[in-house]
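# Commentary on secondary and tertiary structure
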Protein chains: 2
Amino acid sequence: MTGWLKETGPQSDIVISSRVRTARNIEEIPFPHSLSEISAKEVVEKVYHGILVGNTGFKDDFKLIAIKDLEEIDRLNYIEKHLISPDLAKNTVIGNILINTEETISIMINEEDHIRIQCLLPGLQLDQALDVADKIDDLLEEKINYAFDEELGYLTACPTNLGTGIRASVMLHLPALSLTGYIQAVLRAAGQIGLAVRGIYGEGTEFLGNLYQISNQVTLGVTEREIIRNLHDVTMQITEKERAARKNLLNTKKIELEDRVFRSFGILKNARKITGNEAMQLISDVKLGASLGLIEEVKIEKINSLITMIQPGFLQKHYKTSLNSIDRDIKRAELIRNTL
Amino acid sequence: MTGWLKETGPQSDIVISSRVRTARNIEEIPFPHSLSEISAKEVVEKVYHGILVGNTGFKDDFKLIAIKDLEEIDRLNYIEKHLISPDLAKNTVIGNILINTEETISIMINEEDHIRIQCLLPGLQLDQALDVADKIDDLLEEKINYAFDEELGYLTACPTNLGTGIRASVMLHLPALSLTGYIQAVLRAAGQIGLAVRGIYGEGTEFLGNLYQISNQVTLGVTEREIIRNLHDVTMQITEKERAARKNLLNTKKIELEDRVFRSFGILKNARKITGNEAMQLISDVKLGASLGLIEEVKIEKINSLITMIQPGFLQKHYKTSLNSIDRDIKRAELIRNTL
């Protein structure tokens with residue numbers, strides 16, 4: 001199981017994970033969308049050598065995988081674990097990833113940009129994630145000439161990434177703000193200060209399981225640390241609001257809350273078939289119950305890991321077989337029962 | 001716990017209980033609705049002596065209770081256990097019951113008729129219930145002159161009871177016929193052959209928990225044994241249909257059925273508040289699951305007893321306090337959790 005899921009970090013009653021992603025491109029090589037296969041190979045070689053040559057510690061820890069060598073199920077599973085993007089998963093010609101054993105660092109090669117360094121850590125650890133991404137970035141910069149402009153900063157395929165090339169995000173679990181409806185005001189406020197809010201699997205996933213991904217949109221005219229600091233501060237504010245809403249629910253609607261939490265727990269431990277969407281909602285309830293100490297028999301890490309375990313890719317990988325939608329519902333219920 | 005609930009009997013995967021009730025009146029004493037308190041006392045005395053004097057076995061087993069001496073909660077509890085009628089419960093002037101320890105025999109005195117002998121047994125035991133009711137009836141007839149007419153048979157306050165004065169009923173659990181919708185045809189057929197179908201607590205209780213009370217309506221021009229035989233045969237036919245429907249569900253929708261049964265079980269074991277209606281539905285699912293061997297950890301008797309335990313009267317008696325509707329939902333959930 002991926003590092004950011006099997007462990008907890010600071011504020012992890014609410015903040016599931018922190019992610020920093022750095023977009024970089026190599027000078028004098030066309031962006032991936034107009035890249036020849038030969039030049040694409042050259043990009044892979046450069047990144048591979050940049051990171052692994054002369055860094056013996058990394059050599060054993062990282063592996064290079066060509067997307068075309070991955071089974072469909074593995075590609076899906078990597079997407080579910082947020083280690084690659086859906087776009088990279090489709091790129092079976094020139095797409096590659098360099099990934100560490102713990103799966104906290106993944107470097108996408110020849111996605112929209114030549115290089116996308118991603119660090120994903122449990123809990124609220126944006127600074128730490130940036131430190132790791134910076135370290136990889138520095139290693140690469142020793143051997144690679146990045147496409148860089150004095151005025152625009154790091155050049156990227158899409159202008160929204162120009163400048164620092166940094167995208168930072170946190171994944172928050174906000175069940176109490178969702179239950180009370182106060183989440184709408186929080187989302188509006190986040191939008192007004194230039195943050196984007198998405199569901200766990202990007203736009204259109206509608207905040208399944210009360211999970212909210214919040215990320216910076218501005219990359220130009222600010223420093224890396226400013227981006228991180230801003231997102232960190234907003235996250236802390238939202239976290240305080242969520243905690244206050246949870247406390248309020250406990251004070252004013254304890255029985256209703258316990259009832260909801262335990263019913264969801266009971267269903268998860270007993271269902272014989274369950275859709276992903278329903279499971280996400282029930283897991284959200286149980287996670288809330290565990291965070292508040294109402295449910296003591298299940299650890300937060302186990303509940304967090306369930307979020308990924310119930311996804312189609314993980315299920316099919318776990319059961320080593322391709323599963324249709326009905327079979328997945330059955331196996332999902334089985335895996336949840338066995339886990340809880 | 002009442003005898004018919006804590007034990008099982010023949011066909012008790014489907015037939016919860018069998019009941020025979022005999023209406024009798026004493027010659028030359030007005031019917032209860034126009035009875036003086038003094039004459040009413042005389043009726044009580046006659047019944048009491050008729051059954052208990054010279055029958056030492058009965059003396060220790062039966063107790064005579066005046067409705068006016070019962071707490072409101074106890075009256076409710078007796079109604080829920082089907083030991084007295086709601087009408088008798090309201091009769092705090094002249095209403096009495098003579099009841100045995102096992103609560104399988106209850107004799108209502110001064111309800112609509114002077115005497116209503118009721119025998120309630122677990123499972124399909126109509127003949128046995130009639131045997132018991134007849135035995136009590138014979139004992140009383142030795143000492144009491146019943147109001148009887150050569151042509152009309154036993155005279156009763158309401159003409160629908162004339163003749164044998166016998167009302168026989170069975171309580172059936174028909175979840176599979178309900179789920180498949182086939183129950184409608186069964187109910188129509190029962191009506192066409194002169195049987196009445198009601199919910200567990202009489203008309204208007206809408207077949208809560210998929211429980212159906214089926215009883216004869218004709219009492220005149222047939223013998224006691226014919227009434228019993230007819231109801232027994234119809235019950236066996238319905239029981240076979242229910243069993244076939246269950247088998248068919250198991251064959252064609254096993255996972256869906258298991259899912260439903262176990263989810264209901266999970267909710268019952270975990271809910272922190274639950275209404276009576278919801279509990280009845282979930283208990284019905286669990287009972288079905290237990291009957292089919294899907295759930296092995298709970299005995300049918302325990303599930304049957306839950307049906308009465310979740311009722312307002314039982315709850316308040318158990319917790320020795322008057323409970324409002326919200327408190328009842330909380331205590332109901334607690335009692336169910338502790339029982340399962």
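In case you missed it, the structure is sitting above this.
Below is a summary of the structure that appears in this document. Note that the structure is predicted; figures quoted are calculated from it, not measured.

What counts as what
Residues numbered from 1 in each chain as written. Chains lettered and ligands numbered in written order. Predicted model: local features only at pLDDT ≥ 70, side-chain atom pairs only at ≥ 80, totals over all residues. Heavy atoms only, no water. Contact = heavy atoms within 4.5 Å. Buried area = accessible area lost by both parts, 1.4 Å probe. Salt bridge = Lys/Arg side-chain N within 4 Å of Asp/Glu carboxyl O. Polar contact = N/O pair within 3.5 Å; in protein donor to acceptor, adjacent residues only side chain to side chain. Helix = DSSP H or I, 4+ residues; strand = E, 2+ residues; numbered from the N terminus. Nonpolar A, V, L, I, M, F, W, Y, C, P; charged D, E, K, R; others polar. Buried < 20%, exposed > 50% of the residue type's maximum accessible area, 1.4 Å probe, protein only. Arc of directions from axis to C-beta. Pairing = 2+ DSSP bridges. Axes fitted to C-alpha atoms, helices over the stretch in contact; angles between N-to-C directions. Least-squares fit on C-alpha atoms with pLDDT ≥ 70 in both. Parallel < 35°, antiparallel > 145°, perpendicular 65-115°, else oblique. Left-handed = near helix turned anticlockwise from the far one by under 90°.

## A look at the interface of chain B and chain A
Accessible area lost upon the coming together of the parts is a frequently used measure of interface size. At the interface, 17 residues of chain B touch 16 residues of chain A. Both sides of the chain B and chain A interface together cover about 1,500 Å² of buried area, and 60% of this is carbon and sulfur. Among the residues chain B hides against chain A, the three largest losses belong to Arg-263, Asn-270 and Arg-272 of chain B. Together they make up 38% of the total. Put simply, chain B and chain A have 2 salt bridges between them. The residue Glu-278 of chain A makes a salt bridge to Arg-263 of chain B at a minimum N-O spacing of 2.7 Å. Run the count over chain B and chain A and you get 8 residue pairs in polar contact (both at pLDDT 80 or more). The element contributing the most residues to the side of chain B that touches chain A is helix 10 (residues 254-270) of chain B, with 11 residues. Within the side of chain B that touches chain A, the residues separate by chemical class into 7 nonpolar, 2 polar and 8 charged.

## Thoughts on helix 8 (residues 183-192) of chain B
Because an α-helix completes one turn every 3.6 residues, residues spaced three or four positions apart along the sequence face the same direction. Residues and elements named next belong to chain B. Along helix 8, the positions that sit buried rather than exposed are Ile-183, Val-186, Leu-187 and Ala-190. The arc that holds every buried residue of helix 8, seen down its axis, measures 95 degrees, which confines them to one face. Structural note: helix 8 exposes Arg-188 and Gln-192 on the side pointing more than 90 degrees away from its buried face. Elements in contact with the buried residues of helix 8: helix 7 (175-180), strand 9 (195-198), strand 10 (211-216) and helix 9 (224-252). With its phi angle positive at about 80 degrees, Gly-194 sits one or two positions after the end of helix 8.

## Considering the sheet that holds strand 1 (residues 15-24) of chain A
Two pairing modes exist for strands in a sheet, parallel and antiparallel, and in both the strands are linked by backbone hydrogen bonds. Residue and element names in this part refer to chain A. Taken in spatial order, the 8 strands make up an open sheet running 2-3-4-5-1-8-10-9, and their pairing is antiparallel. Looking at which strands have only one partner, the edges of the open sheet turn out to be strand 2 (62-66) and strand 9 (195-198). Within this sheet the neighbouring strands show an average axis-to-axis angle of 20 degrees, counted without direction. Here strand 4 (residues 105-109) runs beside strand 5 (residues 115-122); their pairing, made up of 5 bridges, is antiparallel. By the bridge assignment, Ile-109 is partnered in strand 5 with Ile-115.

## Remarks on the relation of the copies chain B and chain A
Overlay of chain B on chain A (RMSD 0.1 Å): rotation 180 degrees, translation along the axis 0.1 Å. One copy is carried onto the other by what is essentially a two-fold rotation axis. Across chain B, the smallest distance between a C-alpha and the rotation axis is recorded for Gly-266 of chain B, namely 2.1 Å. Most of the interface of chain B is mirrored in chain A: 94% of its interface residues are interface residues there too.

## Side note on the pairing of strand 10 (residues 211-216) of chain A
Residue and element names in this part refer to chain A. With 6 of its 6 residues buried, strand 10 lies for the most part within the structure. The alternating pattern of strand 10 places Leu-211, Gln-213 and Ser-215 on one face and Tyr-212, Ile-214 and Asn-216 on the opposite face, and all of these are buried. Where strand 8 (residues 166-173) lies against strand 10, 5 bridges are found, and the strand directions are antiparallel. Bridge pairing links Val-170 to Ile-214 in strand 10.

## Digging into the sheet that holds strand 4 (residues 105-109) of chain B
All names here are of chain B. Read from one edge to the other, the open sheet built from 8 strands follows the order 2-3-4-5-1-8-10-9, with strand pairing classed as antiparallel. Whereas interior strands pair on both sides, the edge strands pair on one side only; in this sheet they are strand 2 (62-66) and strand 9. On average, each strand axis in the sheet is tilted by 20 degrees relative to the strand beside it, whichever way the strands run. Inspection of the sheet shows strand 1 (residues 15-24) paired to strand 5 (residues 115-122) by 8 bridges, in the antiparallel sense. Across the sheet, residue Ser-18 finds its bridge partner in strand 5, namely Leu-121. Here helix 6 (residues 126-143) sits on the sheet and contacts strand 1, strand 2, strand 4, strand 5 and strand 8 (166-173); the angle it forms with strand 5, its principal contact strand, is near 150 degrees.

## With respect to the packing of helix 11 (residues 276-291) of chain A against helix 12 (residues 300-309) of chain A
All names here are of chain A. One can describe the packing of helix 11 onto helix 12 by two numbers: an axis separation of 10 Å at closest approach and a directional angle of 165 degrees. Accordingly, the angle class assigned to the pair helix 11 and helix 12 is roughly antiparallel. Crossing angle aside, the handedness with which helix 11 passes helix 12 is left-handed. Contacts between helix 11 and helix 12 involve Met-280, Ile-283, Val-286, Lys-287, Ala-290 and Ser-291 on the former and, on the latter, Ile-300, Ile-303, Asn-304, Leu-306 and Ile-307.

## A look at the packing of helix 6 (residues 126-143) of chain A against helix 9 (residues 224-252) of chain A
Residues and elements named next belong to chain A. Here helix 6 crosses helix 9 at 155 degrees, and the two axes come no closer than 10 Å. It follows that helix 6 is roughly antiparallel to helix 9 by the angle criterion. Both helix 6 and helix 9 take part in a crossing whose hand is right-handed. Between helix 6 and helix 9, the residues in contact are Leu-126, Asp-127, Leu-130, Asp-131 and Asp-134 and Glu-224, Arg-225, Ile-228, Arg-229, Leu-231 and His-232, respectively. Grouping the amino acids of the contact of helix 6 with helix 9 by side-chain chemistry returns 4 nonpolar, 1 polar and 6 charged.

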